[in-house]
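A closer look at the structure
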Amino acid sequence: MITISETKEINIEDVLILYKANEWSSASKPNELYNGLLNSETLITAWEEKKLVGLGNAISDGFLTVYYPHLLVLPEYQGKGIGKLIVDKMQEKYSHFHMQMLTADGRSVDFYKKNGFERAGKTEPMWIYQGNEH
């Protein structure tokens, strides 16, 4: 049984297990990662009892635009609908916004398309990035 919560009651150890399991470079900056998640406008977490199995966060101006930087599920829990539950919870809050944005890499493009996202016209994503996993 998976429980979805909008809570910032998480500990850094659980967060690092999740990020390292998904080989995200932000796990190498644990304090910045943890504080970034806690300072997000919205943090949605997925739990199996007391085990953190997924999370997603949102950064927003509160009215018009929302950006979803992270959505992760422990690899052994992927494909079980947990990511969709997190996206659905975000949609409860942000579906009326003019623009919802995210950056999807090759491994997640189909997932996001199934959940209503599409390529942003003729735009190209651009960034200054300090990781190396993309």
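Nothing here was measured: the structure is a model prediction, and the numbers come from that model.

All right, on to the packing of aromatic side chains then. In this structure the tally under the stated criterion is seven aromatic pairs. Pairing Tyr68 with Tyr94 gives two aromatic rings, centres 6.1 Å apart and planes at 75°, and the pair type is edge-to-face. Of the two residues, Tyr68 sits in strand β4 (residues 65-68) while Tyr94 sits in helix α3 (residues 82-94), which places them 26 residues apart along the sequence. Taken as a pair, Tyr68 and Tyr94 share a single burial class, namely buried. With a centroid separation of 4.2 Å and an interplanar angle of 10°, the aromatic rings of Trp127 and Tyr129 are classed as stacked. You can call Tyr129 partly exposed: its relative accessible area is 32%.

Turning our attention to a nonpolar patch on the surface. There is a patch of nonpolar side chains on the surface, built from Ile59, Tyr67, Met99 and Met101 and spanning about 340 Å² of accessible area. Following the sequence through the fold, Ile59 ends up in strand β3 (residues 51-60).

On to the pairing of β3, then. In terms of burial, β3 is largely enclosed, as eight of its ten residues are buried. One ladder, built from seven bridges, connects strand β2 (residues 42-48) with β3; its direction is antiparallel. From the neighbouring strand, Glu48 faces β3, where its bridge partner is Lys51. Once β2 ends, the chain turns through two residues before running back antiparallel as β3, passing Glu49 with a positive phi of about 55°. Sheet topology note: the β3/strand β5 (residues 71-73) ladder contains three bridges and is antiparallel.

With that out of the way, let us pick up empty space enclosed by the protein. Enumeration according to the criterion identifies one cavity of 30 Å³ or more in this entry. Taken as a whole, the largest cavity spans an internal volume of roughly 100 Å³. Along the walls of the largest cavity sit Gly56, Asn57, Tyr68, His70, Leu71, Ile86, Val87, Met90, Gln91, Leu102, Tyr112 and Phe117, which together make up its complete lining. Of all the elements in the fold, those that place two or more residues in the lining of the largest cavity are β3 and α3. Its residues assigned to classes, the lining of the largest cavity comprises eight nonpolar, four polar and no charged.

Let us look at the UniProt feature "domain: N-acetyltransferase" (unreviewed entry) in the protein. Following the UniProt record, one finds the feature "domain: N-acetyltransferase" (unreviewed entry) at residues 2-134. As annotated, residues 2-134 has a helix share of 29% and a strand share of 25%, and its two end C-alpha atoms lie 29 Å apart.

A word on the pattern of salt bridges. The full count for this structure, using the stated rule, is five salt bridges. Put simply, Glu76 and Lys51 hold a salt bridge, and the shortest N to O gap is 4.0 Å. Of this pair, Glu76 sits in the loop between β5 and α3 while Lys51 sits in strand β3, placing them 25 residues apart in sequence. The class of Lys51 is partly exposed, set by a relative accessible area of 37%. Its salt-bridge partner being Asp88, residue Lys84 comes within 3.1 Å of it at the nearest N-O pair. Of the two residues, Lys84 and Asp88 both sit in helix α3, four residues apart, roughly one turn of that helix.

Rules behind the numbers
Residues numbered from 1 in each chain as written. Predicted model: local features only at pLDDT ≥ 70, side-chain atom pairs only at ≥ 80, totals over all residues. Heavy atoms only, no water. Phe/Tyr/Trp six-rings, centres within 6.5 Å; stacked < 30°, edge-to-face > 60°. Helix = DSSP H or I, 4+ residues; strand = E, 2+ residues; numbered from the N terminus. Buried < 20%, exposed > 50% of the residue type's maximum accessible area, 1.4 Å probe, protein only. Patch = residues over 30% accessible without salt bridge, like charges linked within 9 Å, V, L, I, M, F, W, Y side chains within 5 Å. Areas by Shrake-Rupley, 256 points an atom, 1.4 Å probe, with all protein chains shown as cover. Salt bridge = Lys/Arg side-chain N within 4 Å of Asp/Glu carboxyl O. Pairing = 2+ DSSP bridges. 1 Å grid on protein atoms, 1.4 Å probe; cavity = no way out; pocket = protein on both sides within 12 Å on 5 of 7 lines; lining within 4 Å. Points joined across faces, edges and corners; volume = space filled by probe spheres on them. Nonpolar A, V, L, I, M, F, W, Y, C, P; charged D, E, K, R; others polar. UniProt positions renumbered as here; feature names shortened; annotations may be inferred.

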